[in-house]
Amino acid sequence: MAPAPNFHGHHWTYNSVQGSCLLLLLVVSNLHLCQGNSCPSCGPDAFVSLRKSLTDLFIDAAWLSHEFHNLSAIMFSEFKEKYAQGKLYHINATKSCHTNSLHAPEERDKAHQMNNEDLSKWTLVLLYSWNNPLYHLVPKLRNMKNLSEAVVSSAMEIENMSDKLQAFIESQFRKIIVSALKTIHEARSSWSGLPSLTSSDEDRRLSEFYNLFHCLRRDSGKVDTYIKILTCRIREKC
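Residues numbered from 1 in each chain as written. Predicted model: local features only at pLDDT ≥ 70, side-chain atom pairs only at ≥ 80, totals over all residues. Heavy atoms only, no water.

A. Broad picture of the packing of helix 5 (residues 116–129) against helix 7 (residues 149–172). Running from N to C, helix 5 and helix 7 point in directions that differ by 150 degrees, and their axes come no closer than 10 Å. One element, helix 5, and the other, helix 7, form an angle in the roughly antiparallel class. Remark: the crossing between helix 5 and helix 7 carries left-handed chirality. Between helix 5, through Ser120, Thr123, Leu124, Leu127 and Tyr128, and helix 7, the contact on the second element is made entirely by Ser162, Leu165, Gln166, Ile169 and Glu170. (Axes fitted to C-alpha atoms, helices over the stretch in contact; angles between N-to-C directions. Helix = DSSP H or I, 4+ residues; strand = E, 2+ residues; numbered from the N terminus. Parallel < 35°, antiparallel > 145°, perpendicular 65-115°, else oblique. Left-handed = near helix turned anticlockwise from the far one by under 90°. Contact = heavy atoms within 4.5 Å.)

Quick look at the structure:
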């Protein structure tokens with residue numbers, strides 16, 4: 001697969017009335033490639049190839065975001081079945097998500113109303129916000145009894161998927177990285193659950209794990225929605 005074109009320094013927006021911005025992106029990319037040259041390779045075939053390359057990249061990202069959400073849901077279900085039966089962890093789970101203060105759009109209709117820059121920003125905001133808890137999750141899971149190795153492996157894979165999704169969004173929307181970090185800072189959003197994960201109180205530890213899995217399932221669903229909307233716009237099949 002050909003490498004992604006470099007759009008650094010160019011603002012990508014989406015006009016729901018006039019259609020996809022893909023043509024503008026491709027023209028800008030071709031200008032970068034051909035500027036100052038006669039560029040015999042910049043004909044119609046190159047244009048089609050570039051469009052296919054970008055579309056393929058977003059399709060791959062959409063598949064990855066789907067697996068990211070799917071694995072998160074599976075982990076939550078298995079943990080709930082093994083450790084949360086008869087417990088009341090679910091009562092405060094939604095209120096305890098460390099990303100609540102971000103107010104990332106959850107409904108698909110609202111996400112569709114955002115332009116591509118905002119969609120990509122919120123994708124990075126959520127992924128960045130999970131870096132710290134995911135980093136601590138795997139080592140703590142290994143110390144748990146009666147938890148299948150599949151859950152630990154899934155947690156490792158989820159962390160890897162998150163890194164890959166971040167790298168992809170950053171490569172396509174470099175200008176929004178600072179904005180994403182600023183949003184997290186202004187919302188004072190940070191995970192503070194590490195003391196609970198390392199507590200000698202088993203019930204406190206299990207409650208924190210439950211919160212993490214519950215919130216990860218929710219937020220990974222948002223990431224999946226945002227990336228799929230970006231992908232359908234690139235494919236012009238929304």
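Further notes follow.
B. Quick look at the nonpolar core. Residues Leu137 and Leu141 are the most contacted members of the largest nonpolar core, which totals 59 residues. Elements that contribute at least two residues to this core include exactly helix 2 (44–83), helix 5, helix 6 (131–141), helix 7, helix 8 (177–187) and helix 10 (202–235). If one sorts the elements of this core by residue count, helix 10 sits on top with 13 residues. When sequence neighbours within four positions are dropped, the list of residues in contact with leucine 141 reads Leu147, Val151, Val152, Ala155, Phe209 and Phe213. (Core = buried A, V, L, I, M, F, W, Y, C linked by side-chain atoms within 4.5 Å. Buried < 20%, exposed > 50% of the residue type's maximum accessible area, 1.4 Å probe, protein only.)

C. Main features of the packing of aromatic side chains. Following the criterion strictly, the structure yields 6 aromatic pairs and no others. Ring centres of phenylalanine 79 and phenylalanine 209 lie 6.0 Å apart, and the angle between their planes is 45 degrees; on these two criteria the pair is classed as tilted. Note that phenylalanine 79 is positioned in helix 2 and phenylalanine 209 in helix 10, a separation of 130 residues in sequence. The exposure class of phenylalanine 79 is buried, given its relative accessible area of 0%. Look at phenylalanine 209 and you get buried, because its relative accessible area is 2%. Measuring from centroid to centroid gives 6.2 Å for phenylalanine 209 and phenylalanine 213, while their planes differ by 25 degrees, and the two rings are stacked. With phenylalanine 209 and phenylalanine 213 both in helix 10, this residue pair falls 4 residues apart, about one helical turn. (Phe/Tyr/Trp six-rings, centres within 6.5 Å; stacked < 30°, edge-to-face > 60°.)

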